[in-house]
Amino acid sequence: MMRDDVTVNAADIARLADVGRAAVSNWRKRFDDFPEPVGGTATSPAFSLAQVEQWLRQHDRYVEVPPLERAWQRLRSAGEDLRLGDAVGYVGAFLLYLRRDAAGWRKLSLLPDDQLVQRLSAAVQDAVPEIPGRLPGASAVEPEVIRALAEIAAERGPAGAFDEICDRYTDLHSRRLLATPRDVAELMARLAGTSSGTVLDPSCGIGTLLLACGGSRVLGQDVNASAARLTATRLLLHGVDAVIRAGDSLRADAFSSERVDAVVCNPPFNDRGWGYEELTSDPRWEYGLPPRGESELAWVQHCLAHVRPGGLVVIMMPGVAASRRAGRRIRGNLLRAGAVRAIVTLSAGAAPASSGAPDLWVLRRPEQDEQPASDVLLVNAGEDLAVAEAAWRAYTDSTELPSAARTVRIIDLLDEEISFTPTHRVSGLSQLEPSVFTAVRERTAAALAGLDIPKLTPLARRRELPMATVGELVRAGVVAVYQGPLKMAFEEDGLPVLTVKDLLLDRAPSRRTGDVPGLVIIEPGDVVSPLLYRRETATRVMREVGAVLGPELLLFRTDPDRLDPQFLAGCLRGTGEASTRLGSSGRIDPRRAQLPRLPIDEQRAYGETFRRLLAFEDAVREMRTVSDALVRSGLDGLLEGTLQPG
């Protein structure tokens, strides 16, 4: 039985209760009896799992916490965060021991906790000699967690249990571990053809790429000993014939004599300390000494040095590596030798270590006396990973390439820059099917036909409307006003945040933040406006639910039976337009805006017209976007020979 001092964060609570994180944030604000944090930080508070469970039961929201989830939370909260990788590695080794010596565990499990801790370490170490380095002692994981995991493994199997533990660990430390996304790892494995033969990953991390490979034998090395142990354990639990070593692959190559059938690699980017000084005369630099600031080109040549003639290398590279001036000599030598076979540009986020869109380089080690290839495949895949695989298959089978790919002659790439960035030579529109112009043209015509300009009736004499300020309506309880924080710490994950720019462009929330007290959760029907009107302004009635109000934004929540939200949005927008049109500095607080005093039915009529006017504005913005696409695809098609006049 787990002790009751386990802690969870907001993301854990959301997963346990099967709700979004915004719902948890809402509970903290709406319910005074929601448990107070017992630890953590201001941006990531920790709560007592026992207290959270009790609160969920009281409010009829309780979902039974699975034993594995409870074990994970106990494991995570038992020690220092930086030591969690060692603890997870030991859990994996223990689960592998269970598979290999179930009888031995049955005997040890009968011992009291103190004796179990004393004897388990040696038993696990003896049972898993393939795992690199010395495992941490059994004291790294509490006996109650060990016993619970043994029960879970009996039900789910050791591999299934450890996969879930690793998924939790990866999610928790996503920024630190920089693991290759699973779908990208699977694509790399398929491009490299790793379903059989021997595969090497010289920067294996926690083994995501090697797990996707499915080779008959896999080799891996990582500079982080804890990560290497995790990789070895994951692969062995899945029955893979694996040899994993800890150490720096460039400085201390553990497989210097190995030549494998394929290499897959997602190396560290922008590493200035990769070993330039001590590796100057290394024989691996067959295509040139990598400059100090081009560590990625050192990894490329390291991978090529380990693949047999005719074997493939698929390596993740930062987009700038295809065009940086310092690396052009090596890129030129790779091209002349016919080693570069394809460059595939992915979307931003495909490589967590890259700030932009990374590339996959597909290389092939030339065979002796082989005629070098004459062209290179360039693919602008973006988020559509299937395009990359389809293009590679078509290229190798000499069939028609898909729309976002093209071949470029190597002689055309050997210019002054020697750049083979796909986005420079494969436009997302220009390489689409010729029918794309027709589709964009039809979309443009539909946008034009759909423009709805409301009809307004001129009055013979001006109508004097009684006015009220927003402040008066607030005091009357007709509308409540909420303000976003002046500053906000943005994070890579967490609650979605609506920013001023999102509001101006009428797009989904683009930033995220941690769950901290005082956040304002947007609900459908809320009216959101910039805190201060500027040259560009926008006020919108929100349709989405669950986003957080960002900095420099105001939220107006009306009583819809007394104040129509669309009417309020139109009046606020009109005030902002008037302030800039009349030469104001543009920094006027919307809370000082005035609204006509009208009955609710008349407000709704005005509100519907306001809505149509603002919808017309959005349609014109869409018209501008689609017309740009029409012109661009037309020009590209005419110049590339996929379209003709008429």
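Residues numbered from 1 in each chain as written. Predicted model: local features only at pLDDT ≥ 70, side-chain atom pairs only at ≥ 80, totals over all residues. Heavy atoms only, no water.

Q: Before we move on, could you go through the sheet that holds strand β2 (residues 39–40) and cite the residues and values that matter?
A: Taken in spatial order, the three strands line up as β1-β3-β2 in an open sheet, and their pairing is antiparallel. A single partner strand is all that each edge strand has here, and the edge strands are β1 (7–8) and β2. Note: β2 against strand β3 (residues 45–48), two bridges, orientation antiparallel. Counterpart to G40 in the pairing with β3 is P45. (Pairing = 2+ DSSP bridges. Helix = DSSP H or I, 4+ residues; strand = E, 2+ residues; numbered from the N terminus.)

Q: Explain the confidence of the model for the protein chain to me, and be specific about the residues and the numbers.
A: The predicted model of the protein chain has a mean per-residue pLDDT of 86, with 93% of residues at 70 or higher. Helix α14 (residues 295–305) holds the highest mean pLDDT among the elements of the protein chain, 97, whereas helix α18 (residues 422–425) holds the lowest, 69. Per-residue pLDDT stays below 50 along residues 428–432; that stretch engages in 14 contacts with residues further than four places along the chain or on separate chains. Contacts from residues 580–586, a stretch scored under 50 in pLDDT, to residues over four places away or in other chains number seven contacts. (pLDDT = per-residue confidence, 0-100. Contact = heavy atoms within 4.5 Å.)

Q: Kindly report on the nonpolar core, identifying the contributing residues and their values.
A: Judged by nonpolar contacts, the single largest core of 85 residues is most densely connected at F94, W105 and L120. The element contributing the most residues to this core is helix α5 (residues 84–100), with 11 residues. Counting residues in hydrophobic clusters, the runner-up holds 39 residues, among them L219, F255, L279 and A339. (Core = buried A, V, L, I, M, F, W, Y, C linked by side-chain atoms within 4.5 Å. Buried < 20%, exposed > 50% of the residue type's maximum accessible area, 1.4 Å probe, protein only.)

Q: Could you give an account of the side chain of S25, naming the residues involved and the relevant values?
A: With respect to the element layout, S25 can be found in helix α2 (residues 21–30). Of note is the side chain of S25, whose polar atom sits 2.6 Å from the side chain of K29. Non-local contacts of S25, meaning those with residues more than four positions away in its chain, are made with L495, D515 and I521. (Polar contact = N/O pair within 3.5 Å; in protein donor to acceptor, adjacent residues only side chain to side chain.)

Q: Which residues make up the state of the cysteines, and what values go with them?
A: Under the counting rule described, the total for this entry stands at zero disulfides. Cysteine C265 remains unbridged, with the sulfur of C303 as its closest cysteine sulfur at 4.2 Å. (Disulfide = S-S within 2.5 Å.)

Q: Describe the pattern of salt bridges, listing the residues and the values that go with them.
A: Taken as a whole and assessed by the stated rule, the structure comprises 37 salt bridges. Ionic pairing is found between E130 and R100, a salt bridge with its closest N-O pair at 2.8 Å. Linking E130 in the loop between α7 (113–127) and α8 (143–156) with R100 in helix α5, this pair joins segments that are 30 residues apart in sequence. Classification of E130 by relative accessible area gives partly exposed; the value is 31%. Taking the relative accessible area as the measure of exposure, R100 reaches 37% and is therefore partly exposed. Taking the shortest distance from any N to any O, the salt bridge between R409 and D412 comes out at 3.0 Å. According to the relative accessible area criterion, D412 is partly exposed, its value standing at 36%. Linked through salt bridges whose partners overlap, the residues forming this network are D506, R540, R543, D618 and R621. (Salt bridge = Lys/Arg side-chain N within 4 Å of Asp/Glu carboxyl O.)

Q: Could you give an account of α8, with specific residues and numbers?
A: Helix length check: α8, at 14 residues, gives a terminal C-alpha distance of 20 Å against a target of 20 Å (1.5 Å per residue), a fit within 8%. Of the positions making up α8, those classed as buried are P143, E144, V145, I146, A148, L149, A150, I152 and A153. On the buried face of α8, the contacting elements are α4 (67–77), α5, α6 (102–108), α7 and α9 (158–172). Within two residues after α8, G157 carries a phi angle of roughly 95°, on the positive side. (Expected span 1.5 Å × (residues − 1).)

Q: Which residues make up the packing of α4 against α8, and what values do they have?
A: In the contact formed by α4 and α8, the axes pass within 10 Å of each other and the chain directions differ by 150°. Taken together, α4 and α8 sit at an angle that is classed as roughly antiparallel. In this structure, α4 meets α8 at a crossing whose hand is left-handed. On α8, the residues that touch P67, L68, A71, R74 and L75 of α4 are E144, V145, L149, I152 and R156. Across the contact of α4 with α8, the residue classes break down as seven nonpolar, no polar and three charged. (Axes fitted to C-alpha atoms, helices over the stretch in contact; angles between N-to-C directions. Parallel < 35°, antiparallel > 145°, perpendicular 65-115°, else oblique. Left-handed = near helix turned anticlockwise from the far one by under 90°. Nonpolar A, V, L, I, M, F, W, Y, C, P; charged D, E, K, R; others polar.)

Q: Please set out the sheet that holds strand β18 (residues 527–530) residue by residue, giving values where relevant.
A: Read across the sheet, four strands follow the order β14-β21-β18-β19 without closing on themselves; strand pairing throughout is antiparallel. Pairing within the sheet leaves two strands with one partner each, and these edge strands are β14 (479–483) and β19 (540–541). Relative to strand β21 (residues 553–558), β14 is paired through five bridges, and the arrangement is antiparallel. Within β21, the position partnered with Y482 by the bridge is L555.

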